[in-house]
Amino acid sequence: MSDWGPVFVALVLFVLLTPGLLFQVPGRHRCVEFGNFQTSGASIMIHSLLYFALVCVFFLAVKVHLYLG
């Protein structure tokens, strides 16, 4: 049996934390902008750090597991 938990968590976090899709930190005109479909270098860096931190929390602390098959 394969453990699909880390793959599922990484995919969901990647989609949710894509800069400009749901929100963007920092925004172009405000601190947080929602659904503007634009991005900048600073927002890419902030979102990648958020992604790394949340992936570490879910993989190491919560230990999410999902077995299929």
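A brief structural summary. (Residues numbered from 1 in each chain as written. Predicted model: local features only at pLDDT ≥ 70, side-chain atom pairs only at ≥ 80, totals over all residues. Heavy atoms only, no water.)

Turning our attention to the overall build of the protein. The helix and strand inventory of the protein stands at 2 helices and 4 strands. Along the protein, helices and strands appear, N-terminal first, in the series β-α-β-β-α-β. Against the 2.2 N^0.38 benchmark of 11 Å for 69 residues, the protein shows a C-alpha radius of gyration of 14 Å, more extended than a compact globule. Principal-axis analysis of the C-alpha atoms gives the protein an extent of 50 × 20 × 15 Å. Taking the intrachain contacts of the protein between residues at least 6 apart in sequence as the baseline, contacts between residues at least 24 apart amount to 46%. (Helix = DSSP H or I, 4+ residues; strand = E, 2+ residues; numbered from the N terminus. Rg over C-alpha atoms; globule rule 2.2 N^0.38 Å. Contact = heavy atoms within 4.5 Å.)

This part is about helix H1 (residues 5–16). The terminal C-alpha atoms of H1, which comprises 12 residues, lie 16 Å apart, in line with the 16 Å expected from a rise of 1.5 Å per residue. Looking only at H1, the buried set comprises Gly5, Val9, Ala10 and Leu13. Seen along its axis, H1 keeps its buried residues to an arc of 125°; they face one direction. Exposed residues on H1 whose side chains face more than 90 degrees from its buried face are Leu11 and Phe14. Contact partners of the buried residues in H1: strand E1 (2–3) and helix H2 (41–62). (Expected span 1.5 Å × (residues − 1). Buried < 20%, exposed > 50% of the residue type's maximum accessible area, 1.4 Å probe, protein only. Arc of directions from axis to C-beta.)

Applying the stated criterion across every chain yields a total of 1 aromatic pair. Here the aromatic rings of phenylalanine 14 and tyrosine 51 are separated by 6.4 Å at their centres, their planes lie at 80°, and the arrangement is edge-to-face. Separated by 37 residues along the polypeptide, phenylalanine 14 in helix H1 and tyrosine 51 in helix H2 bring together distant segments of the chain. Classification of phenylalanine 14 by relative accessible area gives exposed; the value is 54%. For tyrosine 51, a relative accessible area of 26% corresponds to the partly exposed category. (Phe/Tyr/Trp six-rings, centres within 6.5 Å; stacked < 30°, edge-to-face > 60°.)

One can find asparagine 36 in the loop between strand E3 (33–34) and H2. Separated by 2.6 Å, the side chains of asparagine 36 and glutamate 33 make a polar contact. Leaving out residues up to four positions away in the same chain, asparagine 36 has contacts with Gly20 and Gln24. (Polar contact = N/O pair within 3.5 Å; in protein donor to acceptor, adjacent residues only side chain to side chain.)

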